[in-house]
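The lines below spell out each chain.
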2 protein chains.
Amino acid sequence: MQQTRLDTARIRAARRVIDPVFLDTPLYRCEALEPGLGCAVSIKLETANPVRSFKGRGTELVASLLAEHGPRAVVCASAGNLGQALAWSGRGRGLDVTVVASRFATAAKLDRIRALGAGLELVDGDHELARERAADIARYEGIRLVEDSLDIETCEGAATIGLELVEAREQAEQTGLTGLTGLTGQTERAGLAGLAGLAEPAKHTELAGTAPPFDAVLIALGGGALATGVGHVLKALAPGVEVICVQPSGAPAMTRSWRERRVVTTDSADTIADGVAGRRPIPAVLDDLLLVADDAVLVQEASIVAGMRMLLDHAGLVVEPSAALGIAAILEDRDRFAGRHVVTIVCGSNVDGAAYRRWVGPAALPHKA
Amino acid sequence: MQQTRLDTARIRAARRVIDPVFLDTPLYRCEALEPGLGCAVSIKLETANPVRSFKGRGTELVASLLAEHGPRAVVCASAGNLGQALAWSGRGRGLDVTVVASRFATAAKLDRIRALGAGLELVDGDHELARERAADIARYEGIRLVEDSLDIETCEGAATIGLELVEAREQAEQTGLTGLTGLTGQTERAGLAGLAGLAEPAKHTELAGTAPPFDAVLIALGGGALATGVGHVLKALAPGVEVICVQPSGAPAMTRSWRERRVVTTDSADTIADGVAGRRPIPAVLDDLLLVADDAVLVQEASIVAGMRMLLDHAGLVVEPSAALGIAAILEDRDRFAGRHVVTIVCGSNVDGAAYRRWVGPAALPHKA
């Protein structure tokens, strides 16, 4: 493939810099989700760490470099997860961290940023205004601006997820199966046929444990750090795997840009998926995304909520809306994924309790005896 | 220490047999929990795997041995998690698995056992009756009985959690800190003093990120596989770490037995923590527990529910009651843990939606703007 800004050797080296608490996250099939989705689904869980999102992988790189060479003060704009992660990584290295966020940002994220000792400045507007304000602060105060998705460390940190996915897939290919031993390829295919709804329930149950290595990865698309990072590694090391980016219909700027192969901005963003609600794609990030994404799809808010409910009811996972985008994409295009094995990256779990309860609702949890 | 039935070398070897999907689970500090608990708390998360509990570590050992040498048919009694794990491990190796459970068992657990293709027999009584029935089936049908906590594989599988804890602790000792770099021991102590409520809020916030390696592990106590397994490894390899077993007051048989140093049975068990609701401790397991446990404490149902709520609200984790026992123990004896660093093993997340909703309640999630 053509060269992105990312470098695979540098991404491998990044693993030695990132605190291990963010690395080698769980990757596991969640069969309880599968009857409702019609395909084999594996979850890459990026929420079981001190900041409950994947962003620590990138901020560890940023903060390490600054602690060694750079200024001791740093500012970023954030919908909340980058800010929380940068606050965590910076605190451990004695950096002075300022986070600029929209005053409409998720309160739980802002609370954690404060608790981690970072300075927090709220702007009376959306994430794009926070980006402008952070850039102003950096300029006026002469401190380092961390720009999510533009700064290569944020992309290459996220890209370490891709390394872990590729490694797991290679191991699955060697054993011939994922998470199971001793079954034949024929049984695998029969099992997946069952999942696609072609077999009767009993057979489905019996065979559902088998699956070939995953052939698609569903990635939440916002600024693009996660998508270009994971996408770069997959295209470099496992080019047969489909890289599918998923964005809310209410915040479609990057997806439209990818489709039109030029930066398309929007006047507003309207989605509960606060982590991916940008309006102004960064040209250099779009260039990378054009090289690594096989597709970019848009999903409805109702599908995001349905995905959050499914992850709660069938996987026991509390997730933020951005982390349900992959499940939403399957729900909206079941035929596309029928009988396949897809990975969805559960990228964050920072939610406001009240909002989460409103979204998933009391009825979302099954009323069983 | 005196010899338990467990063997550290065999436990190390077990890591090569157990499917990696159950190994090297997340271990991370959860600072959002700490202001409410008054101590540093790390979570060892055993729920992000295909069976949502730690039991797969043991059933992988059992099923591997049977697949190599033993009979192809196996039966176990289970409150649900062992059965689900054995069904998963057995399916992958072509074993014929039967699970005997109480008809009052958690429906979600029974559903998963069926979905994994195991035979399920329900008895009209509690877990002890299921144990009797499973033994009868094994005898009549001449198939292998897997007895949780008695069969050494179930203990040594769980013990691999202990290896991971010890390894993480050794790494933390080498760097001098947990999850952070570059701060001094003095700052550590100041940080923990802040957590213990001795410092003012601002200082607490600033310093809370630092903690020495953990000095206690809180372990759910039921049949004893988890407690003797993890306890054995800690006492063998990190004897300074306090091994604290936690059981519900409503199902206190093993705790009373440990205190009286002889098997004490109870006539009934009354707790929402279904996974640890035994009434008849196994003598050989008690003998091991007497060698490895520093303490065994009982907690109230209200504390278990409060622990589940805290894990949901502040850690974003859906857990089953047994997995909240450690938090419950801290809530009931804050002075004991003040300023210390404790690990709690979150051992399972298989809950019935309706019951979980009733326990944690709509009010449990914070009403924030």
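Residues numbered from 1 in each chain as written. Chains lettered and ligands numbered in written order. Predicted model: local features only at pLDDT ≥ 70, side-chain atom pairs only at ≥ 80, totals over all residues. Heavy atoms only, no water.

*Asks:* Please clarify how the overall build of chain A should be interpreted in this entry.
*Replies:* Within chain A, the secondary structure is distributed over 15 helices and ten strands. Taken over 369 residues, chain A has a buried fraction of 63%. Intrachain contacts of chain A at a sequence separation of at least 6 include 74% that bridge at least 24 residues. Accessible area for chain A stands at about 13100 Å²; split by element, carbon and sulfur atoms hold 50% of it. (Helix = DSSP H or I, 4+ residues; strand = E, 2+ residues; numbered from the N terminus. Buried < 20%, exposed > 50% of the residue type's maximum accessible area, 1.4 Å probe, protein only. Contact = heavy atoms within 4.5 Å. Areas by Shrake-Rupley, 256 points an atom, 1.4 Å probe, with all protein chains shown as cover.)

*Asks:* So what exactly am I meant to see when it comes to the pairing of strand β10 (residues 341-346) of chain B here?
*Replies:* Each regular strand carries side chains that alternate between the two faces of the sheet. Residues and elements named next belong to chain B. Of all six residues that make up β10, six are buried, and the element is covered over most of its length. Judged by which residues are buried, β10 turns out to be covered on both faces: His341, Val343 and Ile345 on one side and Val342, Thr344 and Val346 on the other are all buried. Inspection of the sheet shows strand β2 (residues 40-45) paired to β10 by six bridges, in the parallel sense. When the sheet's bridge partners are listed, Ala40 is paired in β10 with His341. (Pairing = 2+ DSSP bridges.)

*Asks:* What is the right way to look at helix α9 (residues 225-237) of chain A in this model?
*Replies:* All names here are of chain A. Spanning 13 residues, α9 covers 18 Å between terminal C-alpha atoms, matching the ideal 18 Å at 1.5 Å per step. The set of residues buried in α9 consists of Ala225, Leu226, Ala227, Thr228, Gly229, Val230, Gly231, His232, Val233, Leu234 and Lys235. Turning to α9, the residues buried within the fold contact α1 (8-14), α6 (152-175), β7 (216-220), β8 (242-248), α11 (283-292) and β10 (341-346). (Expected span 1.5 Å × (residues − 1).)

*Asks:* How should the pattern of salt bridges be read in this particular structure?
*Replies:* A side chain with one charge can pair with a side chain of the opposite charge if their charged atoms come near. All names here are of chain B. One pass over the structure, following the stated rule, counts 60 salt bridges over all chains. Two residues, Glu164 and Lys44, come together in a salt bridge whose shortest N-O distance is 2.7 Å. You can see Glu164 sitting in helix α7 (residues 152-175) and its partner Lys44 sitting in strand β2, a full 120 residues away along the chain. Of the charged contacts, one joins Arg103 and Asp124 as a salt bridge, the two residues approaching to 2.3 Å between their closest N and O atoms. A residue pair is termed long-range when its members are at least 10 positions apart, and Arg103 in the loop between β4 (96-102) and α5 (107-115) and Asp124 in the loop between β5 (119-123) and α6 (127-141) qualify at 21 residues. Owing to a relative accessible area of 47%, Arg103 belongs among the partly exposed residues under this scheme. (Salt bridge = Lys/Arg side-chain N within 4 Å of Asp/Glu carboxyl O.)

*Asks:* Is there a simple way to think about the packing of helix α12 (residues 301-315) of chain A against helix α13 (residues 325-332) of chain A in this case?
*Replies:* In a packed pair of helices, the relevant descriptors are the angle between the two axes and the axis-to-axis distance. Residue and element names in this part refer to chain A. In the contact formed by α12 and α13, the axes pass within 8 Å of each other and the chain directions differ by 110 degrees. In terms of orientation, α12 lies roughly perpendicular with respect to α13. Of the two elements, α12 crosses α13, and the hand of that crossing is right-handed. Across the interface between the two elements, Ser303, Ile304, Ala306, Gly307, Met310 and Leu311 from α12 touch Leu325, Ile327, Ala328, Leu331 and Glu332 from α13. Grouping the amino acids of the contact of α12 with α13 by side-chain chemistry returns eight nonpolar, two polar and one charged. (Axes fitted to C-alpha atoms, helices over the stretch in contact; angles between N-to-C directions. Parallel < 35°, antiparallel > 145°, perpendicular 65-115°, else oblique. Left-handed = near helix turned anticlockwise from the far one by under 90°. Nonpolar A, V, L, I, M, F, W, Y, C, P; charged D, E, K, R; others polar.)

*Asks:* So what exactly am I meant to see when it comes to the side chain of Ser102 of chain B here?
*Replies:* Residues and elements named next belong to chain B. Note on placement: Ser102 falls in strand β4. For Ser102, the side chain forms a polar contact with the main-chain nitrogen of Phe104, separated by 2.9 Å. When near neighbours in sequence (up to four residues on either side) are disregarded, Ser102 contacts Leu110, Leu122, Val123, Gly125, Asp126, His127 and Ala130. (Polar contact = N/O pair within 3.5 Å; in protein donor to acceptor, adjacent residues only side chain to side chain.)

*Asks:* Honestly, the nonpolar core in this entry has me stumped. Any pointers?
*Replies:* What tends to happen in soluble globular proteins is that the nonpolar side chains get buried as a cluster. If you look at the biggest cluster of nonpolar residues, it comprises 212 residues, and the most contacted ones within it are Ile43 of chain A together with Ile43 of chain B. In terms of residue count, α7 of chain B provides more of this core than any other element does, eight residues in total. Ile43 of chain A has contacts with Pro26, Leu27, Tyr28, Cys30, Leu33, Leu311, Ala315, Leu317, Thr344 and Val346 of chain A, leaving out every residue within four places of it along the chain. (Core = buried A, V, L, I, M, F, W, Y, C linked by side-chain atoms within 4.5 Å.)

*Asks:* So what exactly am I meant to see when it comes to the packing of aromatic side chains here?
*Replies:* Each aromatic ring pair is specified by the distance between its two centres and by the angle formed by the two planes. Residue and element names in this part refer to chain A. Summed over all chains, the structure comprises two aromatic pairs over all chains. With a centroid separation of 5.1 Å and 85 degrees between ring planes, the pair formed by Phe22 and Trp88 is classed as edge-to-face. With Phe22 in the loop between α1 and β1 (27-29) and Trp88 in helix α3 (residues 81-91), this pair connects stretches of sequence that are 66 residues apart. You'll find Phe22 and Trp88 in the same group, each marked buried. The residue whose ring lies beneath Arg169 is Phe214, and the NZ or CZ to ring-centre distance is 5.6 Å. (Phe/Tyr/Trp six-rings, centres within 6.5 Å; stacked < 30°, edge-to-face > 60°. Lys NZ or Arg CZ within 6 Å of the ring centre and 35° of its normal.)

*Asks:* What's the story with the sheet that holds β4 of chain B in this structure? I'm lost.
*Replies:* In sheet architecture, strand pairing relies on hydrogen bonds along the backbone and comes in two forms, parallel and antiparallel. Residue and element names in this part refer to chain B. Taking strand neighbours across the sheet as the criterion, the four strands line up as β5-β4-β3-β6 in an open arrangement whose pairing is parallel. This sheet does not close on itself; its edge strands, each paired only once, are β5 and β6 (144-146). Ignoring which end each strand starts from, the neighbouring axes of this sheet average 25 degrees apart. In this structure, strand β3 (residues 73-77) lies alongside β4, joined through five bridges in parallel fashion. Bridged to Val74 within β4 is Val97. Across the sheet, α5 touches β4 and β5, and the angle it forms with β5 is around 150 degrees.

*Asks:* What should I look at first to understand the environment of Gly326 of chain B in this one?
*Replies:* Residues and elements named next belong to chain B. For Gly326, the position within the fold is in helix α14 (residues 325-332). We classify Gly326 as buried; its relative accessible area is 5%. Separated by 32 residues in the primary sequence, Gly326 and Asp294 place their C-alpha atoms 15 Å from one another.

*Asks:* I keep staring at the sheet that holds β10 of chain A and nothing clicks. Help me out?
*Replies:* Residue and element names in this part refer to chain A. Strand order in the open sheet made by the six strands is β1-β2-β10-β7-β8-β9, with mixed pairing throughout. What marks the edges here is a single partner per strand, and that holds for β1 and β9 (295-299). Along the sheet, successive strands turn relative to each other by an average axial angle of 25 degrees, direction set aside. Judged from the five bridges that link them, β7 and β8 form a sheet pairing that is parallel. Pairing of Leu218 across the sheet is with Ile244, part of β8. Helix α10 (residues 253-260) rests against β8 and β9 of the sheet, and its axis sits at about 140 degrees to β9.

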